[in-house]
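Geometric and topological summary
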Amino acid sequence: MSMRPDDHRRKWDKDEFEKIAAERLQAELEEEEHSKIKAPPVKRELLKQREYKVDLDSKLGKSVVITKNTPTSQSGGYYCNVCDCVVKDSINFLDHINGKKHQRNLGMSMKIERSSLDQVKARFAMNKRKLEEKKKEYELDTRLKEAAEEEARLKELRRERRRDKKRKVQEDDDNEDGPAESELAQIMGFSGFGATKK
């Protein structure tokens, strides 16, 4: 600072402030290095298949009254308890649970494990077994269906035979009574007494 009484301007000591700035810069660099050493990179698990079924249908078509005091987990939409957030629709909820932020909160990275030849062969064998089981179930279903159809056909044939027998018996009865009774009934003005069975 100037010592002259008529000079009212403030004068700065450049050496002193350069020294303070250098000290501050040195402290910032040391703090950066210390934070780098302090936090080693986090080793996360590789991405793996979900072991539970995502529940998208439980709240479908239901009405819920939401007030100011309703907790976020019960408010409208889909609640993620890992990230403590609410997503409004199912598509965005699926995007969220498959996204980077959710996977990081679960402790997984977005990298997947590289499969070995043995794992691929085992997966193919498992899928083949599933297909064979489905074929067996399908064959069982078709057999059951065919058996039911065959049974229905047999029932229909039996009914048809019974009807034919009844018709034959009625025709025989009508033929036995013959034309004499029918002529007499016509002359008298009536066709019969109402009962055909003997």
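Treat the numbers as computed from the prediction; the structure is a model and nothing was measured.

Let us look at the overall build of the protein. Each helix and strand in the protein was counted, giving four helices and four strands. What you see in the protein, going N to C, is helices and strands ordered as α-β-β-β-α-α-β-α. Carbon and sulfur atoms make up 53% of the accessible area of the protein, which totals about 19,200 Å².

This part takes up helix H2 (residues 90–97). Within H2, burial applies to Phe93, His96 and Ile97. Angular distribution of buried residues about the axis of H2 spans 90°; they occupy a single face of the element. Each element contacted by the buried residues of H2 is listed here: strand S2 (78–80), strand S3 (85–87) and helix H3 (100–106).

Let us now look at the side chain of glutamine 103. Looking at the secondary structure, you find glutamine 103 in helix H3. A polar atom in the side chain of glutamine 103 sits 2.8 Å from the backbone oxygen of isoleucine 97.

Before going further, it helps to spend a moment on the packing of aromatic side chains. According to the stated counting rule, one finds one aromatic pair in the structure shown. Taking the centre distance of 5.4 Å and the plane angle of 25° together, the rings of tyrosine 78 and phenylalanine 93 count as stacked. In this pair, tyrosine 78 is assigned in strand S2 and phenylalanine 93 in helix H2, connecting sequence segments 15 residues apart. When sorted by exposure, tyrosine 78 lands in the same class as phenylalanine 93, which is buried.

Of all residues in the protein, 85% attain a pLDDT of 70 or more, and the chain-wide mean is 83. Here strand S1 (residues 45–47) is the element of the protein with the lowest mean pLDDT, 81, and H2 is the one with the highest, 92.

What follows concerns the nonpolar core. If you look at the biggest cluster of nonpolar residues, it comprises seven residues: Val54, Tyr78, Cys80, Cys83, Val87, Phe93 and Ile97. Those elements giving two or more residues to this core turn out to be S2 and H2. Residue contacts for valine 54: discarding those within four places in its chain leaves Phe93, Leu94 and Ile97.

Let's shift gears to the pattern of salt bridges. A full pass over the atoms with the stated rule returns five salt bridges. The closest approach of N and O atoms between glutamate 160 and arginine 163, which form a salt bridge, is 3.6 Å. Of the two residues, glutamate 160 and arginine 163 both sit in helix H4 (residues 117–188), three residues apart, roughly one turn of that helix. Using a relative accessible area of 32% as the deciding quantity, one classes glutamate 160 as partly exposed. What makes arginine 163 partly exposed here is its relative accessible area of 41%. Salt-bridge contacts for arginine 167 lead to aspartate 164; the nearest nitrogen and oxygen are separated by 2.9 Å. On the criterion of helical spacing, the pair formed by arginine 167 and aspartate 164 is a turn pair, its members being three residues apart in helix H4.

By the secondary structure assignment, serine 75 is in the loop between S1 and S2. Among the polar contacts made by the side chain of serine 75, one reaches the main-chain carbonyl oxygen of threonine 72 at a distance of 2.9 Å. Discounting residues that sit within four places of it in the chain, serine 75 has contacts with Lys59, Ile66, Thr70 and Val86.

Thresholds, definitions, all that
Counting starts from 1 at the beginning of each chain's written sequence and moves along it residue by residue. This being a predicted model, a pLDDT of at least 70 is required before a residue's local features are given, and a value of 80 or more before pairs of side-chain atoms are given or counted; all residues contribute to the totals for chains, interfaces and linings. Where side-chain values are given, they derive from all heavy atoms of the structure, hydrogens and water being excluded. A run of DSSP states H or I qualifies as a helix once it reaches four residues; a run of E qualifies as a strand once it reaches two. Both are numbered from the N-terminal end. Note on areas: Shrake-Rupley with a 1.4 Å probe; residue coverage comes only from the protein chains shown. For every residue, the accessible area obtained with a 1.4 Å probe (protein chains only) is divided by the maximum for its type, and the residue is called buried under 20%, exposed over 50%, and partly exposed between those limits. What the arc covers is the set of directions going from the helix axis to the C-beta atoms. Working rule for contacts: check all heavy atoms of both residues, and any pair within 4.5 Å makes them a contact. Residues adjacent in sequence count toward polar contacts only when both atoms are side-chain atoms; beyond that, a polar contact is any pair of N or O atoms within 3.5 Å, and within protein one must be able to donate a hydrogen and the other to accept it. Centres within 6.5 Å make a pair out of two Phe, Tyr or Trp rings, where for Trp the six-membered ring is used; the pair is then stacked when the planes are under 30 degrees apart, edge-to-face when over 60, and tilted otherwise. Summary of the metric used: pLDDT quantifies the predictor's per-residue confidence within the range 0 to 100. Definition used in this section: a nonpolar core is a set of buried Ala, Val, Leu, Ile, Met, Phe, Trp, Tyr and Cys residues joined via side-chain atoms within 4.5 Å. Think of a salt bridge as a Lys or Arg side-chain nitrogen and an Asp or Glu carboxyl oxygen that are within 4 Å of each other.

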